[in-house]
Amino acid sequence: MKLSIVATLYKSARYIQEFHERASASAIRMVGGDYEIVLVNDGSPDNSLDLAVRITGQDPHVQVIDLSRNFGHHKAMMTGLAHAKGDLVFLIDSDLEEEPEWLIAFARQMDRDQCDVVYGVQAHRKGSWFERWSGQWFYDLFKALTGLALPENVVTTRLMSRRYVDALLSHQEREVFMAGLWHITGFDQRSQTVIKHSTSETTYTLRRKMSLLVNSVTSFSNAPLVSIFYIGISISSFALAYIGYIVAQWLFLAETMSGWTSVMASIWLLGGMIISFIGVVGIYLSKIFSETKQRPYTIVRQIYAKKSD
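Values in this document were obtained by computation on a predicted structure and should not be read as measured data. (Residues numbered from 1 in each chain as written. Predicted model: local features only at pLDDT ≥ 70, side-chain atom pairs only at ≥ 80, totals over all residues. Heavy atoms only, no water.)

Undergrad: Just to check I follow, could you spell out a nonpolar patch on the surface for this structure?
TA: Residues Leu270, Ile274 and Ile278 make up a contiguous nonpolar surface patch of about 280 Å² in total accessible area. Turning to its location among the elements, Leu270 is positioned in helix H10 (residues 260-293). Judged by relative accessible area, which is 35%, Leu270 ranks as partly exposed. (Patch = residues over 30% accessible without salt bridge, like charges linked within 9 Å, V, L, I, M, F, W, Y side chains within 5 Å. Areas by Shrake-Rupley, 256 points an atom, 1.4 Å probe, with all protein chains shown as cover. Salt bridge = Lys/Arg side-chain N within 4 Å of Asp/Glu carboxyl O. Helix = DSSP H or I, 4+ residues; strand = E, 2+ residues; numbered from the N terminus. Buried < 20%, exposed > 50% of the residue type's maximum accessible area, 1.4 Å probe, protein only.)

Structure representation (structure tokens):
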């Protein structure tokens, strides 16, 4: 198998038919008939699965992986990659915001540069000012907390060699953050500037972005835990200096410090910090708990494909 095209389905019913037609045309143009299209249904609430299964009855190149429930975009992508058999694997979203025709341009660059990955980077981030601002804020904060300089404004679409995909799948995390895994897997990765279209509202709300940030930072860095130590040292140093100030007041000025406001403020401050620190430790403990159980990150309910004659 020369090429696998992998895409996930979630509220994708209105795009599936056109996506299949355009992806098939691009694959045929590149490798002839030696390709497959792997569609992963991530518990889509619409009739995406029915439409995709209907396509498998018409096109033997299409395979549908139906997950038992919604596990999340990143885990669904990893499941699709695990089922891909091609020497080259083209990962793309199915909502047509990213063009299946990019496959040809990505393949040309991979052949020219002799690299393992060609991935898309937006010339200008799509969406409203809030979506653009929150996306930039996410990358900046992630870099500051983890030290990993992820490429900014990357899209899902990427063309990958077989050895890169195998290396990517060797990661065994239960909590999957794809952009981080793409980066730390290494190999020779090259970018190509693309223009991403806007066909639908983003499903990444501020709450989901906050959740993704917490998951990504705690998956790739121990900086929050280390920062607790340094904040504790800073508070202790300040407290010692303040104690020295109070003692000096008592010895040389013979003044009684009322101190009600400062004491209460300190109690509230330290109480809040202690609770937040316990919360940070709790997040890491929950990750350890999740990883040690070694549950599968997705469960496949059924695989649909047309039987060979």
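The structure having been displayed, the exposition proceeds.
Undergrad: Any chance you could explain the nonpolar core here in plain terms?
TA: Looking at soluble globular proteins, one finds that nonpolar side chains tend to be buried together. Formed by 32 residues in total, the largest nonpolar core has its most connected members in Leu3, Ile5, Phe19, Leu39, Phe90 and Leu159. Filtering out sequence-adjacent residues up to four positions away, Phe90 remains in contact with Leu3, Ser4, Ile5, Val6, Pro100, Trp102, Leu103, Phe106, Thr157, Arg158 and Leu159. In terms of nonpolar packing, the next biggest core, distinct from the first, is built from 29 residues, Ile65, Met78, Met178 and Ala179 among them. (Core = buried A, V, L, I, M, F, W, Y, C linked by side-chain atoms within 4.5 Å. Contact = heavy atoms within 4.5 Å.)

Undergrad: Would you explain the sheet that holds strand S1 (residues 3-9) in this entry?
TA: Adjacent strands of a sheet form backbone hydrogen bonds with each other and so pair up, either parallel or antiparallel. With respect to topology, eight strands assemble into an open sheet ordered S7-S5-S6-S4-S1-S2-S3-S8, the strand pairing being mixed. Each of the sheet's edge strands pairs with one partner strand only, and the pair in question is strand S7 (189-194) and strand S8 (300-305). Ignoring strand direction, the axes of neighbouring strands in this sheet form an average angle of 20°. Pairing of strand S4 (residues 88-91) with strand S6 (residues 154-161) involves four bridges; the strand directions are antiparallel. Within the sheet, the bridge partner assigned to Phe90 lies in S6 and is Leu159. Lying over the sheet, helix H2 (residues 48-58) contacts S1, strand S2 (35-41), strand S3 (62-67) and S8, oriented at roughly 150° with respect to S3. (Pairing = 2+ DSSP bridges. Axes fitted to C-alpha atoms, helices over the stretch in contact; angles between N-to-C directions.)

Undergrad: Explanation requested: the side chain of Ser48 in the structure shown.
TA: Tracing the backbone shows Ser48 in helix H2. For Ser48, a relative accessible area of 0% corresponds to the buried category. Here the side chain of Ser48 touches Ser12 through a polar contact of 3.1 Å, landing on its backbone nitrogen. If sequence neighbours within four positions are ignored, Ser48 has contacts with Leu9, Lys11, Ser12, Ala13, Ile16 and Asn41. (Polar contact = N/O pair within 3.5 Å; in protein donor to acceptor, adjacent residues only side chain to side chain.)

Undergrad: Would you take a moment to explain unusual backbone geometry for this structure?
TA: If a residue is not glycine, its phi is most likely negative; likewise, a peptide bond is most likely trans. A positive phi angle, close to 55°, is found at Lys11, a residue other than glycine. Along the chain, Lys11 falls in the loop between S1 and helix H1 (16-31).

Undergrad: I keep staring at the side chain of Asp116 and nothing clicks. Help me out?
TA: Summarising the element assignment, Asp116 is placed in the loop between helix H4 (102-113) and strand S5 (117-122). The buried category is assigned to Asp116, whose relative accessible area is 6%. When neighbours within four sequence positions are excluded, Asp116 is seen to be in contact with Met110, Leu159, Met160, Ser161, Arg163, Tyr164, Phe187 and Asp188.

Undergrad: Which parts of the structure should I look at to understand the pairing of S1?
TA: Two faces belong to every sheet, and in a regular strand the side chains alternate between them. The buried fraction of S1 amounts to seven of the seven residues, a majority that puts the element mostly inside the structure. Across seven bridges, the pairing between S1 and S2 is parallel. What sits directly across from Ser4, in S2, is Glu36. Once the chain exits S1 it traverses H1 before rejoining the sheet at S2, and the crossover so formed is right-handed. Two strands pair when backbone bridges link them, and S1 and S4 are joined in this way by four bridges, in the parallel orientation. Bridge pairing in S4 links Ile5 to Phe90. (Right-handed = clockwise from strand over helix to strand, strands pointing away.)

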